[in-house]
Amino acid sequence: MTKRIVSGIQPTGNLHLGNYLGAIRNWVRMQEEGECFFFLADLHALSSFIEPQTLADGVREMAAALIASGVDPERATLFRQSQVTAHAEMQWLLNGTARVGWLNRMTQFKDKSGKNREGASVALYTYPVLQAADVLVYQATHVPVGEDQKQHLELARDIATKFNTDYGVDLFTLPEATIPPAAARIMSLRDGQSKMSKSDPSDMSRINLSDDADMVAQKVRKAKTDPEPLPEDPAALEGRPEARNLVSIYAALADETPAAVLARHAGQGFGTFKPALADLVVESLRPLTARLLELRADPAELDRLLAIGATRAREVAAPTLAAAYCAVGLG
Ligand code: TYM
């Protein structure tokens, strides 16, 4: 069976190294392996208030960043979620299947709503059902994501199984998460306990694809670390989250294991390791950043590519959506 690969990213803020190493690099690689559908999750972005103009600008910026990273609109179907209404329609059908108890267990909702649960939007709560619709409507077999999305993918499988069972159909394929070994969870440069995130108020906490070489060097230099030298054994990074994070970033960019990186850098302090890491980040991102600047200059072309992608996505989603309506008695 050919792979059907589906994934999305919220077009809020910049594409950062966590997104790139955790997910987007796998999107690019998986273009060789099967039929790919990649989208800007602009409906998901409504789960927290965002200025309309900021959202509109973010969509193009993220589309440019994805193409600069190697997503090829000729090979993959690249589109905006909101331009394919099947996502929202399928979510409503799946809302009948998803259980409140399941959503109550979602750690992302707990993290994002924090102490203000009563004040969180309903969209933030039902967000994982839309995410299930996103992948099930394309019969996804593989979903390349970072580790923080694993629980949402398990929920999508539960919803698919219950829908198939409740309605006595064999409609939905159960999707599998594809998570990279070394970079499943890149942490903030300022705090090794929280993940690198678009929504962190400090820009020093993340490396953006759009950062220039000086900015990257400055962020790496100022990254929080500890005074100990690097160990030989990766197990000795336990309890040193900041050190472990920088080694993971190095390993992911160099396409090596953390053990291989430590074999070369053991005994070094961060005064030596950080400049080596900064050089590697700059060299790895340089071609991507250059391409991003070119793509940004032509928003009409980005809109054109996204419109082509949406047309193709609508065609592929239509039969599964129609079958889901039929299954529930609304055919
Ligand atoms: P989002 O926009 O937060 O992130 C996009 C992708 O980047 C990964 N990621 C990370 N990986 C490693 N380390 C990090 N610090 C890091 N931060 C983010 C995420 O795991 C994700 O793969 N709900 C999703 C978007 C979405 C989606 C979907 C994904 C909507 N529908 C359907 C897959 C399938 C989100 O907000 O990702």
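Conventions and cut-offs
Residues numbered from 1 in each chain as written. Predicted model: local features only at pLDDT ≥ 70, side-chain atom pairs only at ≥ 80, totals over all residues. Heavy atoms only, no water. Near = heavy atom within 4 Å. Polar contact = N/O pair within 3.5 Å; in protein donor to acceptor, adjacent residues only side chain to side chain. Areas by Shrake-Rupley, 256 points an atom, 1.4 Å probe, with all protein chains shown as cover. Helix = DSSP H or I, 4+ residues; strand = E, 2+ residues; numbered from the N terminus. Nonpolar A, V, L, I, M, F, W, Y, C, P; charged D, E, K, R; others polar. Salt bridge = Lys/Arg side-chain N within 4 Å of Asp/Glu carboxyl O. Buried < 20%, exposed > 50% of the residue type's maximum accessible area, 1.4 Å probe, protein only. Domains from an automatic or database assignment. Contact = heavy atoms within 4.5 Å. Buried area = accessible area lost by both parts, 1.4 Å probe. Pairing = 2+ DSSP bridges. Right-handed = clockwise from strand over helix to strand, strands pointing away.

Some remarks on the site of the ligand
Close contacts around the ligand come from 28 residues, with Y127, D134, D148, I186 and K198 the closest. Within the contact set of the ligand, a nitrogen atom lies 3.2 Å away from a backbone nitrogen or oxygen of G18. Within the side chain of D134, one N or O atom sits 2.6 Å away from a nitrogen atom of the ligand. For the ligand, whose accessible area on its own is 700 Å², the fraction buried by protein is 97%. When residues of the shell around the ligand are traced back to their parent elements, those giving at least two are strand 1 (3-9), helix 1 (17-30) and helix 6 (122-136). In terms of residue class, the shell around the ligand is made up of 12 nonpolar, 11 polar and 5 charged.

What about the pattern of salt bridges?
Scanning the model with the defined rule gives 21 salt bridges in all. Among the salt bridges present, the one from R80 reaches D42, with a minimum N-O distance of 3.0 Å. Here D42 lies in the loop between strand 2 (34-40) and helix 2 (52-69) and R80 lies in strand 3 (residues 77-80), a separation of 38 residues in the sequence. Given the relative accessible area of 23%, R80 is considered partly exposed. A single network of salt bridges, built from pairs that share partners, joins D203, R206, D211 and K219.

Topic: the domain arrangement of the chain
Split into domains, the chain comes out as domain 1 (4-184 + 298-327) and domain 2 (203-294). Taken together, the contact between domain 1 and domain 2 spans 17 residues of the former and 15 residues of the latter. Roughly 1300 Å² is buried in total at the junction of domain 1 and domain 2, and carbon and sulfur atoms are behind 65% of that figure. On the domain 1 side of the contact with domain 2, L17, A68 and A182 bury the most area, a combined 37% of that side's loss. Taken together, the links from domain 1 to domain 2 amount to 1 salt bridge. Linking domain 1 to domain 2 there are 4 residue pairs in polar contact (both at pLDDT 80 or more).

Comments concerning the pairing of strand 1
Counting buried positions along strand 1 gives 5 out of 7 residues, so the element sits mostly inside the fold. The pairing of strand 1 with strand 2 spans 7 bridges and is parallel. Residue pairing in the sheet places K3 in a bridge with G34 of strand 2. Handedness of the β-α-β unit built from strand 1, helix 1 and strand 2 comes out right-handed.

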